[in-house]
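Summary of structural features
Each chain, letter by letter, is given below.
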Amino acid sequence: MVGSQSQSQNEASGKGRLYIIGIGPGSVEQLTVKAREVITSSDYVVGNGTYLDQMASLLDKQNIVRSAMGKEVDRARKAVELAQDNVVSMISGGDANIYGMAGLVLEVAEHANLKVEIEVLPGVTAITAAASVLGAPIVNDFCTVSLSDLLTPWEVIEKRLDAAASADFVMSLYNPKSRQRNSNFSRAVEIIRRHKEDSVPVGLVKNALRDKDQDYIVTTLGEVLNYNDWVDMSTTILIGTNDSRIWDTPYGKRIITPRGYHRKYDY
Ligand code: SAH
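This is a predicted model, so every value here is computed, not measured. (Residues numbered from 1 in each chain as written. Predicted model: local features only at pLDDT ≥ 70, side-chain atom pairs only at ≥ 80, totals over all residues. Heavy atoms only, no water.)

**Some remarks on the nonpolar core**
If you look at soluble globular proteins, the nonpolar side chains tend to sit buried side by side. Counting 25 residues, the largest nonpolar core has Leu161, Leu173, Phe185, Leu204 and Ile239 as the members making the most contacts within it. Among the secondary structure elements, those contributing two or more residues to this core are β7 (142-146), α7 (154-166), β8 (170-174), α8 (184-193), β9 (201-206) and β11 (235-239). Once residues lying within four places of it in the same chain are set aside, the contact partners of Leu173 are Val145, Leu147, Leu161, Phe185, Ala188, Ile192, Thr235, Thr236, Ile237 and Ile239. Membership of the second largest hydrophobic core comes to 19 residues, among which are Ala96, Met101, Val105 and Val108. (Core = buried A, V, L, I, M, F, W, Y, C linked by side-chain atoms within 4.5 Å. Buried < 20%, exposed > 50% of the residue type's maximum accessible area, 1.4 Å probe, protein only. Helix = DSSP H or I, 4+ residues; strand = E, 2+ residues; numbered from the N terminus. Contact = heavy atoms within 4.5 Å.)

As structure tokens, then:
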């Protein structure tokens, strides 16, 4: 929401405004109503090609600034520059705060001493999109770890995996693989197996809640590496706790992580 201080800053610097928008898992129907309104009424929409294509049905009168993967810094600079005098939507997949553009854009804006209001709009992130496909695999304390070592050293990632597994968090793995980093997923599984039992349920979800190509597998930690080749950059992995279980329903397997109601109530 717009605070009074930022409102006056905004008035002082004309009509410029910068929105950083989490567009959700990749289909227009999963956008928030607010995100949809803002994208539709912006002067400029800035994003990488994949996200702009996912939002194509909303792009019409707006000016489009399309940038490639790996060009995030240029994209952030461009958005900040345009926002001096225009209403700009920087779109980011899922939620912009979860391995998304919010951090970089705020850093660039801080550096440029941008005076216009910046508003971050939340989106459905991959862990919750994937969880909805799998049933109820989270429900308790959880953490997310990105296996991308492009910006975080691999030793740090290993330390976080080990700590999270030893505390038996529900764990979600983002960026499990890329062409350059094919073994990160299998290495991560071996670290997690030091602490969690082999019977722990694991869900692999590809293209969760997208218009096409959604697919998923429910397996266990001991067997998940049998599906190593299936895992790609569009996959999010959810690993349960030692209390999670698999429910084999007539319409497919689901994962349940108990919140603890069974300890207090009969049902
Ligand atoms: N900001 C995004 C995450 C960006 S990191 C978000 O909040 O979701 C990119 C990683 O997110 C991918 O490698 C994949 O692990 C995960 N991801 C993003 N969208 C996904 C989807 N629809 N289905 C499954 N995984 C997805």
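**Brief notes about the sheet that holds strand β2 (residues 44-48)**
Strand order in the open sheet made by the 5 strands is β3-β2-β4-β1-β5, with parallel pairing throughout. Unpaired on one side and paired on the other, β3 (63-67) and β5 (118-121) mark the two borders of the sheet. Across the sheet, the mean angle separating the axes of adjacent strands is 20° when strand polarity is ignored. When β2 meets strand β4 (residues 87-92), the two strands line up parallel, connected through 3 bridges. Across the sheet, residue Val45 finds its bridge partner in β4, namely Ser89. Along the sheet face, helix α4 (residues 72-82) touches β1 (17-22), β2, β3 and β4 and points at about 175° away from the line of β2. Packing of helix α5 (residues 102-111) onto the sheet brings it into contact with β1, β4 and β5, and relative to β1 it is tilted by some 165°. (Pairing = 2+ DSSP bridges. Axes fitted to C-alpha atoms, helices over the stretch in contact; angles between N-to-C directions.)

**Observations concerning the site of the ligand**
If you check the shell around the ligand, you find 19 residues, and the closest are Ile98, Thr125, Met233, Thr235 and Thr236. Separating an oxygen atom of the ligand from a backbone N or O atom of Asp95 is a distance of 2.8 Å. Burial of the ligand by the protein amounts to 91% of the accessible area it has alone, namely 540 Å². Class assignment of the residues belonging to the shell around the ligand gives a composition of 9 nonpolar, 8 polar and 2 charged. Each of domain 1 (2-121) and domain 2 (126-263) accounts for three or more of the residues forming the shell around the ligand. (Near = heavy atom within 4 Å. Polar contact = N/O pair within 3.5 Å; in protein donor to acceptor, adjacent residues only side chain to side chain. Areas by Shrake-Rupley, 256 points an atom, 1.4 Å probe, with all protein chains shown as cover. Nonpolar A, V, L, I, M, F, W, Y, C, P; charged D, E, K, R; others polar. Domains from an automatic or database assignment.)

**Re the side chain of Ser146**
With respect to the secondary-structure elements, Ser146 resides in strand β7. There is a polar contact of 3.2 Å between the side chain of Ser146 and the backbone nitrogen of Ser148. A distance of 3.0 Å separates polar atoms of two side chains, one belonging to Ser146 and the other to Asn175. Apart from the residues lying within four places of it in its own chain, the contact partners of Ser146 are Tyr99, Ile157, Tyr174 and Asn175.

**Things to note about the domain arrangement of the chain**
Here the chain is described as being made up of domain 1 (2-121) and domain 2 (126-263). Relative placement of domain 1 and domain 2: their C-alpha centres are 30 Å apart. Of the roughly 700 Å² buried where domain 1 meets domain 2, counting both sides, 54% is carbon and sulfur surface. Three residues stand out in domain 1 for area buried against domain 2, namely Pro25, Ser27 and Tyr99, and they jointly supply 64% of the buried area on that side. The tally of links between domain 1 and domain 2 comes to 4 residue pairs in polar contact (both at pLDDT 80 or more). Looking at the side of domain 1 that touches domain 2 residue by residue, the classes come out as 4 nonpolar, 4 polar and no charged. (Buried area = accessible area lost by both parts, 1.4 Å probe.)

**What about the packing of α7 against α8?**
In a pair of packed helices, the angle between the axes and the distance between the axes together describe the arrangement. In the contact formed by α7 and α8, the axes pass within 9 Å of each other and the chain directions differ by 35°. In this structure, α7 meets α8 at a crossing whose hand is right-handed. Taken together, the residues of α8 that come into contact with α7 (itself represented by Trp154, Glu158, Leu161, Asp162 and Ala165) are Asn184, Arg187, Ala188, Ile191 and Ile192. Grouping the constituent residues of the contact of α7 with α8 by class yields 6 nonpolar, 1 polar and 3 charged. (Left-handed = near helix turned anticlockwise from the far one by under 90°.)

**Considering the confidence of the model for the chain**
Model confidence for the chain is summarised by a mean pLDDT of 94, while 95% of its residues fall at 70 or above. Scored below 50 in pLDDT, residues 6-12 shows 8 contacts in the model against residues more than four places distant or in partner chains. (pLDDT = per-residue confidence, 0-100.)

**Here we look at the sheet that holds β8**
Pairing is mixed across the open sheet formed by 5 strands, whose spatial order is β7-β8-β11-β9-β10. In this open sheet, the two strands that pair with only one neighbour each are β7 and β10 (215-220). Pairwise comparison of adjacent strand axes, ignoring direction, gives a mean angle of 15° for this sheet. Sheet analysis places β8 next to β11, joined by 3 bridges and oriented antiparallel. Looking at the pairing, Leu173 lines up with Ile237 of β11. Of the strands in this sheet, β8, β9 and β11 touch α8, which is tilted by about 165° from β8.

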